Amino acid sequence: MQTNLVQQFAKTQEGQEAEAILRACVHCGFCTATCPTYQELHDERDGPRGRIYLMKMFLEGAEITEKTREHLDRCLTCRSCETTCPSGVQYGRLVDISRGLIEKQLPRKPIDRWLRWGLARVLPRRRLFGSLLRIGQLFRPLLPNSLRRKVPPKKQASPWPKVSHQRKVLALAGCVQPSATPNTNAAAARVLDKLGITMVEAPQAGCCGAVNYHLSEHEQALAYMRRNIDAWWPAIEAGAEAIIMTASGCGAMVQDYGHLLKDDPAYAERAKKVSELCTDLGAFLLQQDLEKLHLKQNPGKVAFHCPCTLQHAMQQSGVVEQVLTRAGIDLAETRDKHLCCGSAGTYSVLQPKLSQRLLEKKLDALMVGQPDRIVTANIGCQMHLESQAEVPVQHWIALLDR
């Protein structure tokens with residue numbers, strides 16, 4: 001694609017990166033076939049190719065309008081288009097750059113600004129989110145059905161292993177997961193313990209930065225990234241062999257630390273090391289001796305939902321399924337595996353109608369094989385699916401913890 005960026009952007013590092021991505025696009029349109037919003041809305045501007053043209057026009061000096069931003073806001077950033085693209089266009093990076101630049105030039109309406117500000121202040125703060133969630137759970141029986149479904153029932157964390165092994169890995173507690181599904185990391189720690197591996201969380205590590213970064217608060221997100229690197233570094237120097245991600249949304253962000261901090265002289269090398277150590281839990285377990293794991297209970301037929309962040313961003317499609325199959329779990333048939341469930345971080349809050357349409361389709365696709373339960377690999381997807389599913393929804397590691 002031929003480009004002619006205005007000087008305002010052409011002289012910046014972000015502008016130059018965006019231009020290189022734009023030039024890789026050959027207008028083929030393969031991406032539209034796998035784009036969830038294009039499949040729903042049938043509007044070229046609500047598919048990757050159309051959005052790329054909108055971003056190109058903006059970077060070349062065209063006036064940005066609310067209508068243009070509406071089409072970009074509707075993008076889930078699921079990155080299914082990247083998996084499909086024969087030219088390797090880094091669409092997710094392009095839309096993050098463009099959204100950040102547009103945010104500086106076109107102020108939002110006050111109500112939209114406050115909603116996004118609130119999400120960026122509440123979700124990344126573990127204790128604040130946990131307190132608000134507990135209040136919601138307390139009054140959950142009194143809420144209307146539409147709201148009650150969005151508040152996950154209270155779950156208890158089970159104990160972590162007390163034995164310490166020579167092999168050690170790091171884990172990220174995250175911001176929402178500790179209070180919404182507190183047993184996820186504990187279950188992962190117990191499974192790894194059976195394999196002779198100790199999993200530890202760094203107390204000072206917090207939000208991975210994804211919430212703020214995708215809401216165009218790039219500087220705040222980078223600050224969270226630096227904090228996590230500082231929190232993990234002593235354990236990395238002590239020989240931790242991996243940073244295990246039990247939430248693929250966080251994994252997709254942490255694997256990009258090296259790229260996003262490459263121009264920070266104080267953090268570039270450490271960020272690169274962190275990204276190299278970052279691995280999804282499924283990919284890590286696939287390299288271990290799974291014969292040591294013996295299921296004590298039969299979970300029945302299981303439908304696995306592979307989050308977009310796992311299959312498109314982390315490129316780990318099929319990995320968790322291999323782990324579950326090797327563990328003797330009966331996987332149910334599903335369809336349209338590449339399509340997003342509609343959670344997409346804060347998308348379910350900012351685009352509720354479209355998000356619910358995608359959720360209904362995803363649940364239909366997951367229930368084709370009449371499973372006894374649904375499992376997934378990301379906290380956002382888990383909560384979103386659980387809000388409407390007629391069968392239990394949980395993190396897949398809970399099955400191996402049985």
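Report follows, based on the coordinates. (Residues numbered from 1 in each chain as written. Predicted model: local features only at pLDDT ≥ 70, side-chain atom pairs only at ≥ 80, totals over all residues. Heavy atoms only, no water.)

### Some words on unusual backbone geometry
In plain terms, the rule: Put simply, DSSP marks the helices as runs of H or I at least four residues long and the strands as runs of E at least two long, and each gets a number from the N terminus on. A 1.4 Å probe rolled over the protein chains alone gives each residue an accessible area, and that area as a share of the maximum for its type sets the label: buried under 20%, exposed over 50%, partly exposed in between.
The backbone phi angle of Thr77 is positive, close to 55 degrees, even though this residue is not glycine. With respect to the helices and strands, the residue Thr77 is situated in the loop between helix H5 (66-73) and helix H6 (80-84). Look at Thr77 and you get buried, because its relative accessible area is 18%. Non-glycine residue Gln315 carries a positive phi angle of around 55 degrees. Looking at the element boundaries, Gln315 is found in the loop between helix H19 (308-313) and helix H20 (319-326).

### Quick word on the environment of Tyr257
To keep it simple, the criterion reads: Any two residues having at least one pair of non-hydrogen atoms within 4.5 Å are treated as being in contact.
With respect to the helices and strands, Tyr257 occurs in helix H16 (residues 257-260). On the basis of relative accessibility, which here comes to 0%, the residue Tyr257 falls in the buried class. Distance from Tyr257 to Thr181, taken between C-alpha atoms, is 25 Å for residues 76 residues apart in sequence. Setting aside chain neighbours within four positions, we find Tyr257 in contact with Cys208, Met225, Asn228, Ile229, Trp232, Ala271, Val274 and Ser275.

### Details of the sheet that holds strand E3 (residues 243-245)
Neighbouring strands of a sheet are bound in pairs by backbone hydrogen bonds; such pairs are parallel or else antiparallel. Applied cut-off: A pair of strands is treated as paired once DSSP finds two or more bridges between them. Here the axes come from fitting lines to C-alpha atoms, over the contacting stretch only for helices, and the angles between their N-to-C directions go from 0 to 180 degrees.
Pairing is parallel in the open sheet, where four strands are placed in the order E2-E1-E3-E4. Where the open sheet ends on each side, the last strands, each with one partner, are strand E2 (197-201) and strand E4 (278-280). Within this sheet the neighbouring strands show an average axis-to-axis angle of 40 degrees, counted without direction. Seen against the sheet, helix H12 (residues 183-194) touches strand E1 (167-171) and E2 and runs at an angle of roughly 155 degrees to E2. In this fold helix H14 (residues 218-237) packs onto E1 and E3, with an angle of close to 170 degrees to the strand it touches most, E1.

### Re a nonpolar patch on the surface
The following threshold applies: Without a salt bridge and with relative accessible area above 30%, a residue can belong to a patch; like charges are then joined within 9 Å and nonpolar side chains (Val, Leu, Ile, Met, Phe, Trp, Tyr) within 5 Å. Methods summary: accessible areas were calculated by the Shrake-Rupley approach with a probe of 1.4 Å, and residue burial reflects only the protein chains presented. We define a salt bridge as a contact between a side-chain nitrogen of Lys or Arg and a carboxyl oxygen of Asp or Glu at a distance within 4 Å.
Residues Leu128, Leu132, Ile135, Leu138, Phe139 and Leu142 make up a contiguous nonpolar surface patch of about 620 Å² in total accessible area. Mapped onto the secondary structure, Ile135 falls in helix H9 (residues 126-138). Given a relative accessible area of 49%, Ile135 falls into the partly exposed group.

### Some points on the sheet that holds strand E5 (residues 301-305)
Taken in spatial order, the four strands of this open sheet run E6-E5-E7-E8, and their pairing is parallel. The sheet terminates laterally at strand E6 (330-331) and strand E8 (393-395), the two strands that pair on one side only. With two bridges joining them, E5 and E6 adopt parallel strand pairing. By the bridge assignment for E6, Lys301 is matched with Asp330. Along the sheet, helix H22 (residues 352-366) makes contact with E5 and strand E7 (373-376), crossing E5 at roughly 140 degrees.

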